[in-house]
Amino acid sequence: MEQQVDTPPTKPVRRSRREEILEIAVGLFAARGYHGVSMDDIGTAAGVTGPALYHHFAGKKEMLVAALVPVSEGLLAGGRACVAEHHGDPRAAVEALVDFHVEFALAHPAVIALHLHELDRLPEEPRREIRRLQRQYVEEWVQVLTSVRGDVTGGEARVLAHAAFGLMNSTPFLGGEVERQRRATLLRAAALAALIG
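Counting starts from 1 at the beginning of each chain's written sequence and moves along it residue by residue. Totals for whole chains, interfaces and linings use every residue, but because this is a predicted model, local features are given only for residues with pLDDT of at least 70 and side-chain atom pairs only at 80 or more, for both listing and counting. The side-chain quantities take in all heavy atoms of the structure and omit both hydrogens and water.

Draft legend 1. Region of interest: the packing of helix 7 (residues 124-148) against helix 8 (residues 154-168). Relative to each other, helix 7 and helix 8 sit at 115°, their axes nearing to 9 Å. Between helix 7 and helix 8 lies a crossing whose hand is right-handed. Residue-level contacts link Tyr137, Val138, Glu139, Trp141, Val142, Leu145 and Thr146 of helix 7 to Gly154, Ala157, Arg158, Leu160, Ala161, His162, Phe165 and Met168 of helix 8. Split into classes, the residues belonging to the contact of helix 7 with helix 8 amount to ten nonpolar, three polar and two charged. To obtain an axis, a line is fitted to C-alpha atoms, over the contacting stretch when the element is a helix, and the angle between two such axes runs from 0 to 180 degrees between their N-to-C directions. Secondary structure elements are taken from DSSP: a helix is a run of H or I of four residues or more, a strand is a run of E of two residues or more, and numbering for both begins at the N terminus. Note on convention: the crossing is left-handed when the near helix lies turned anticlockwise from the far helix by less than a right angle, right-handed when the turn is clockwise. The contact criterion used throughout is that any non-hydrogen atoms of two residues lie within 4.5 Å. When residues are sorted by character, Ala, Val, Leu, Ile, Met, Phe, Trp, Tyr, Cys and Pro go into the nonpolar class, Asp, Glu, Lys and Arg into the charged class, and all the rest, Gly among them, into the polar class.

Draft legend 2. Molecular detail of the packing of aromatic side chains. Pairing of aromatic side chains here covers Phe, Tyr and the six-membered ring of Trp, requires ring centres within 6.5 Å, and sorts the geometry by plane angle: under 30 degrees stacked, over 60 edge-to-face, intermediate tilted. Counted by the stated rule, this structure contains four aromatic pairs. Taking 5.4 Å as the distance between ring centres and 45° as the angle between the ring planes, the aromatic pair formed by phenylalanine 29 and tyrosine 34 counts as tilted. What makes tyrosine 34 buried here is its relative accessible area of 6%. Look at tyrosine 137 and phenylalanine 165: their rings are 5.7 Å apart centre to centre, the planes differ by 15°, and that puts the pair in the stacked class. You can see tyrosine 137 sitting in helix 7 and its partner phenylalanine 165 sitting in helix 8, a full 28 residues away along the chain. One aromatic cluster is present, formed by Tyr137, Trp141 and Phe165 through successive ring pairs. Note on geometry: a ring has a charge over it if NZ (lysine) or CZ (arginine) is within 6 Å of the ring centre and within 35 degrees of the ring normal. Here the guanidinium or amino end of lysine 60 rests over the ring plane of tyrosine 34, the centre of that ring lying 4.2 Å away. We call a residue buried when its accessible area falls under 20% of the maximum for its residue type, exposed when it is over 50%, and partly exposed in between, using a 1.4 Å probe and counting protein chains only.

Draft legend 3. Layout of the pattern of salt bridges. Only one rule defines a salt bridge in this text: a Lys or Arg side-chain nitrogen within 4 Å of an Asp or Glu carboxyl oxygen. Throughout the structure, instances matching the rule amount to 13 salt bridges. Arginine 128 serves as the salt-bridge partner of glutamate 125, at 3.6 Å between the closest nitrogen and oxygen. Of this pair, glutamate 125 and arginine 128 both sit in helix 7, three residues apart, roughly one helical turn. In this structure, glutamate 139 engages arginine 158 in a salt bridge whose closest nitrogen and oxygen atoms are separated by 2.6 Å. In this pair, glutamate 139 sits in helix 7 while arginine 158 sits in helix 8, placing the two residues 19 residues apart along the sequence. With a relative accessible area of 33%, glutamate 139 lands in the partly exposed category. Given the relative accessible area of 32%, arginine 158 is considered partly exposed. A single salt-bridge network, built from bridges that share partners, covers Glu124, Glu125 and Arg128.

Set out below in structure tokens:
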């Protein structure tokens, strides 16, 4: 007879102080704009003093890079996973990509606003890296769209993908008058209609 081993319950993963500060900074940047927020504002909102804040980040630009580069990396990884999971079924891959992106957009409206309005404030190298990651993410969409729709070229599929991103990335501008699940349903339907009709 096998002896059962009791495993201790897992504890929720606690975010680091750096992650907490970054989330606060992203919210402030999204609400007031990059130039409308000082390091003192971030420190006050996070409940830390200047030296403690500089222990985590050298400055606002480093915060912006720390907020935007991992998002682009995560979108690309998630997009690739959706396509791989539905290999051989491009329509299911398009649907999975839309579901993935809608969920991201609803969960991170401040990051989307920050990206839309503040990307050009980044130093050249991280800005170039983000653009490279974005192009690769778009190509994941183009690959499956051209398979689903034999009537579009790669360039036309890029136009459709960007149109769908515009719909899905509207979340920072949507009020709370429609509950989250209904917003997800509406965004998903609008994006799929734009992509595959």
